[in-house]
Amino acid sequence: MKRFNNGVFHFVVFISILLFLGPGLSMHPFSYDHSLKSECLMELPQTINTGEGFQELKIKENGENGKVVERVNLQKGGIYSISAWVKLRNEKERAVRITLRGKNVRYVDGGQVIAKKGCWSLLKGGFIVNVSAPVDILFKSDGSAAAEINVQNVRLQRFNKTHWRLQQDQVIEKIRKSKVRFQVSFQNKSTVEGSLISIKQIRPSFLLGCAMNYRILESDSYREWFVSRFRLTSFTNEMKWYTTEEVRGQENYTLADAMMQLAEENKVLVKGHTVLWDDKKWQPIWVKSITDPDDLKNVTLNRMNSVMKRYKGRLIGWDVINENLHYSYYEDIFFFFFFGKNIDPDIPLFINEYNTVEYAKEGVGSPINVKNKMEEIVSYPGNMNIKGGIGAQAHFVPAQPNLPYMRSALDTLGSLGFPVWLTEVDMPKCPDQVKYMEEVLREAYSHPAVQGIILYAGPEMSGFNKLTLADNDFNNTEAGDLIDKLLQEWQQEPAEIPVEYHEHNDEEQSRIIGFSPEVSLLHGHYTVTVTNPSMKNFSTTFSLEVTTETGQLQVVQLELDV
């Protein structure tokens, strides 16, 4: 419990625990369980149906292309989540994926898991179909016969778009908001009568940010457009090695320093991108010419020392290795995380991959592979207590996003307990770009594991030609209107609530107690002001943080000496 003294008042903040929703988010009638048992279980877990739309499916046959589940009729525009427990009979381990097969629906992938011999792994995924048709659901693994795969407890859950959105809104109420009640103690009854509590959010806990590039240093209009909207950013290229050390031994942080100064002056948080990039194509030219492994390691450690110490204490996270699953230029990535942790132990150190949430057929950068890579990093000697983070770039193709797959992918990424960020969200222009982008952003915002989103976007003059938010005159595009709408929606509107009179007597003194009604507030930092219109000189302001203690009631106590 914290006590504060500021002139004529004291205030006490404490938490009274009132659980509104139990674990598992089992909210009738449209429930979905975001949890994921990432370990391989020896005993097949029992399943319990909750909510509406569940269907238990039976294995029909061993088909030529995989284990076939009984035929189901899928409806156009329907959103289908699917889960099953799988294991292998003889092989040590292999990827098993869910696929749809039917007339006009040929091999639509919906998710995968690394199945193992002798224990059960949970496979979660889903589909959105663009035709109404009977389909077979296959569980298949390239190179393995269907008889090798054991599948049990196949469960299909159907949502329509209204139900899906309702479920998102229910989760948002639980994970992004807390109920708050103010209890104000006065000396005089005349003070409590008519008193008001005004609440204004200064910064939300969850930030929807946007990348920026060097052009922001050349344009006042770009700068004003950006800082009037966003409180979170990353730099596209300006912190990367090929920018800061184009010639060996000649470092140049001019652009990155200027952009950091701009961000700090405008209270914009910066996520560092990127210390290293594992793709040979994107190394400084002089690095590519190094043939001695020891020399390569030395210059790499010099790079890490240089950039991470330069911005230590000024960033909210670092992408340490970019796209490590897809490429393998560096051999010592586990040590690099250890080295980076010792330079800046106070911020999350991220891996950052593409095709992880946006592409269900991805093999290399699949959610399970990203999760396993993060586990390997943590298991490296000295990394046990590392502050890790998982970045999913989220470069979507111009088509209907597979939202249930995206949700299951985030379940997998979040199963380690590290923060998950969408770090480079965009989509090429298409007729439904704005609609699809809204679906993606709402899906991320409503997921318990996701702690931040950064758009790979900007005004036309900045060169972001996929997700363009403003034209050359800085008038909003339709995509820009969407982002402004979400920024407003995800920040708490100012509120003014009355204080209701209640008298309280104790042994020491008689105090007049006023209570506010319960209010549901988005997590973040607030200024709270207590006033009474009938008292000209009475106004008290203090700071308050509404925390992420989800499902609980925060009671804020104020003692005023008036």
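Described in the following lines is the structure provided in the data block. On a predicted model such as this, the values are computed, not experimentally measured, just so you know.

1. Remarks on the sheet that holds strand 13 (residues 196-204)
Then step 1. Overall, antiparallel pairing links the four strands, which are arranged 25-13-29-30 in an open sheet. Whereas interior strands pair on both sides, the edge strands pair on one side only; in this sheet they are strand 25 (495-498) and strand 30 (539-546). Each strand of the sheet is rotated relative to its neighbour by a mean of 25°, with strand direction disregarded.
Then step 2. Here strand 13 pairs with strand 29 (residues 524-531) via eight bridges, running antiparallel. Within the sheet, the bridge partner assigned to Pro204 lies in strand 29 and is Gly524.

2. Notes on helix 5 (residues 254-265)
Every α-helix winds through 3.6 residues per turn, so residues three or four apart in the chain are directed the same way.
Then step 1. Taking 1.5 Å of rise per residue, the 12 residues of helix 5 would be expected to cover 16 Å, and the 17 Å separating its terminal C-alpha atoms lies within 8% of that figure.
Then step 2. Listed as buried for helix 5 are Ala256, Met259, Met260, Leu262 and Ala263. Each buried residue of helix 5 sits inside an arc of 160° when the element is viewed along its axis, so together they form one side. Within helix 5, the exposed residues directed more than 90 degrees away from the buried face are Thr254 and Glu265.
Then step 3. Lys267 lies just past helix 5 and shows a positive phi near 55°.

3. Some words on the packing of aromatic side chains
Then step 1. Applying the stated rule across the entire model yields 21 aromatic pairs.
Then step 2. Between the aromatic rings of Trp241 and Trp286, the centroid separation amounts to 5.7 Å while the plane-to-plane angle is 90°, which identifies the pairing as edge-to-face. One end of the pair, Trp241, is in helix 4 (residues 241-244); the other, Trp286, is in helix 6 (residues 285-288), and 45 residues separate them in sequence.
Then step 3. Here Trp241 falls in the buried class, since its relative accessible area comes to 5%.
Then step 4. Each ring, one from Phe338 and one from Tyr380, has its centre 6.4 Å from the other, and the planes form 55°; the classification is tilted.

4. So, helix 10 (residues 403-414)
Then step 1. With 12 residues, helix 10 ought to run about 16 Å at 1.5 Å a step, and its terminal C-alpha atoms sit 16 Å apart, in line with that.
Then step 2. Across the 12 residues that make up helix 10, a large majority, 11, are buried.
Then step 3. Those residues of helix 10 that fall on the buried side of the exposure criterion are Leu403, Pro404, Tyr405, Met406, Arg407, Ser408, Ala409, Leu410, Asp411, Thr412 and Leu413.

5. Let's talk about the state of the cysteines
Then step 1. Using the criterion set out here, one finds one disulfide in the structure.
Then step 2. The disulfide partner of Cys40 is Cys119, and the S-S distance across this bridge is 1.9 Å. The sign of the S-S torsion, about 100°, decides the handedness of the disulfide formed by Cys40 and Cys119: right-handed. A residue pair is termed long-range when its members are at least 10 positions apart, and Cys40 in the loop between strand 2 (9-16) and strand 3 (54-57) and Cys119 in the loop between strand 8 (105-116) and strand 9 (121-128) qualify at 79 residues.

6. A short note on the sheet that holds strand 11 (residues 149-159)
Then step 1. The four strands lie next to each other as 3-11-6-9, forming an open sheet whose pairing is antiparallel. Two strands lie at the open edges of the sheet, namely strand 3 and strand 9, each paired on one side alone. Strand-to-strand, the axes of this sheet are offset by a mean angle of 20°, without reference to chain direction.
Then step 2. Pairing of strand 6 (residues 79-88) with strand 9, which is carried by eight bridges, proceeds in the antiparallel orientation. Paired with Tyr80 across the strands is Phe127, a residue of strand 9.

7. Considering the environment of Arg303
Then step 1. You can see Arg303 is positioned in helix 7 (residues 293-310).
Then step 2. Spatially, the C-alpha atoms of Arg303 and Leu276 are 8.5 Å apart, while their sequence positions differ by 27 residues.
Then step 3. Residues within four places of Arg303 in sequence aside, it is in contact with Met239, Lys240, Trp241, Thr244, Tyr253, Thr274, Val275 and Leu276.
Then step 4. At 3.0 Å, the side chain of Arg303 and the backbone oxygen of Thr274 are in polar contact.
Then step 5. In this structure the side chain of Arg303 is engaged in a polar contact, spanning 2.9 Å, whose partner is the backbone oxygen of Val275.

8. Brief notes about the pattern of salt bridges
Then step 1. What the rule picks out here adds up to 21 salt bridges.
Then step 2. For Arg97, the salt bridge identified is with Asp109, shortest N-O distance 2.8 Å. Taken together, the residues span a long stretch of sequence, with Arg97 in strand 7 (residues 93-102) and Asp109 in strand 8 at a distance of 12 residues.
Then step 3. With a relative accessible area of 9%, Asp109 lands in the buried category.
Then step 4. Close ionic contact of Glu375 with Lys371 constitutes a salt bridge, the shortest N to O distance being 3.1 Å. Highlighted residues: Glu375 and Lys371, both in helix 9 (residues 367-379), separated by four residues, approximately one helical turn.
Then step 5. Of the residues examined, Lys371 reaches a relative accessible area of 3% and is grouped as buried.

9. Topic: empty space enclosed by the protein
Then step 1. What the rule picks out here adds up to two cavities of 30 Å³ or more.
Then step 2. What lines the largest cavity is Lys240, Trp241, Tyr242, Thr274, Val275, Leu276, Trp277, Trp282, Gln283, Pro284, Arg303 and Tyr330.
Then step 3. Going through the elements one at a time, helix 4 and strand 17 (276-277) are the ones with two or more residues in the lining of the largest cavity.
Then step 4. Tallied by class, the residues present in the lining of the largest cavity amount to eight nonpolar, two polar and two charged.
Then step 5. Space inside the second largest cavity adds up to approximately 30 Å³.
Then step 6. Arg165, Gln168, Asp169, Ile172, Arg442, Tyr445 and Trp490 together form the lining of the second largest cavity.

Parameters at a glance
- Residue positions are given per chain, counting from 1 as you read along its sequence in written order.
- Where totals are concerned, whole chains, interfaces and linings use all residues; where local detail is concerned, this predicted model gives features only for residues with pLDDT of at least 70, and gives and counts side-chain atom pairs only at 80 or more.
- Think of the side-chain values as coming from all heavy atoms in the structure, minus any hydrogens and water.
- One bridge is not enough; two strands pair if DSSP finds at least two bridges between them.
- Secondary structure elements follow DSSP: runs of H or I no shorter than four residues count as helices, runs of E no shorter than two count as strands, and numbering proceeds from the N terminus.
- Think of each axis as a best-fit line through the C-alpha atoms, taken over the contacting stretch in the case of a helix, with angles from 0 to 180 degrees between the N-to-C directions.
- A helix is expected to span 1.5 Å multiplied by its residue count minus one.
- With a 1.4 Å probe rolled over the protein chains alone, any residue whose accessible area is under 20% of its type maximum counts as buried; one over 50% counts as exposed, and the rest are partly exposed.
- Think of it as the arc spanned by the lines of direction from the helix axis to the C-beta atoms.
- Only the six-membered ring of Trp is used, alongside the rings of Phe and Tyr, when aromatic pairs are assigned; centres must lie within 6.5 Å, and planes under 30 degrees apart are stacked while those over 60 apart are edge-to-face, with the rest tilted.
- Criterion for a disulfide: a pair of cysteine sulfur atoms within 2.5 Å.
- Whether two residues touch is decided by their heavy atoms; if any such pair falls within 4.5 Å, the residues are in contact.
- Polar contacts, as used here, are pairs of N or O atoms within 3.5 Å; protein pairs need one atom able to donate a hydrogen and one able to accept it. Residues neighboring in sequence count only if both atoms are side-chain atoms.
- Note on definitions: salt bridges are taken to be side-chain nitrogens of Lys or Arg within 4 Å of carboxyl oxygens of Asp or Glu.
- Points on a 1 Å grid, built from protein atoms alone, make a cavity when a 1.4 Å probe fits but cannot get out and make a pocket when they are open with protein on both sides within 12 Å along at least 5 of 7 lines; residues with an atom within 4 Å of a point are the lining residues.
- Grid points are joined across faces, edges and corners, and a volume is the space filled by probe spheres set on the points.
- For this classification, the nonpolar set comprises Ala, Val, Leu, Ile, Met, Phe, Trp, Tyr, Cys and Pro, the charged set comprises Asp, Glu, Lys and Arg, and every other residue, Gly included, is treated as polar.

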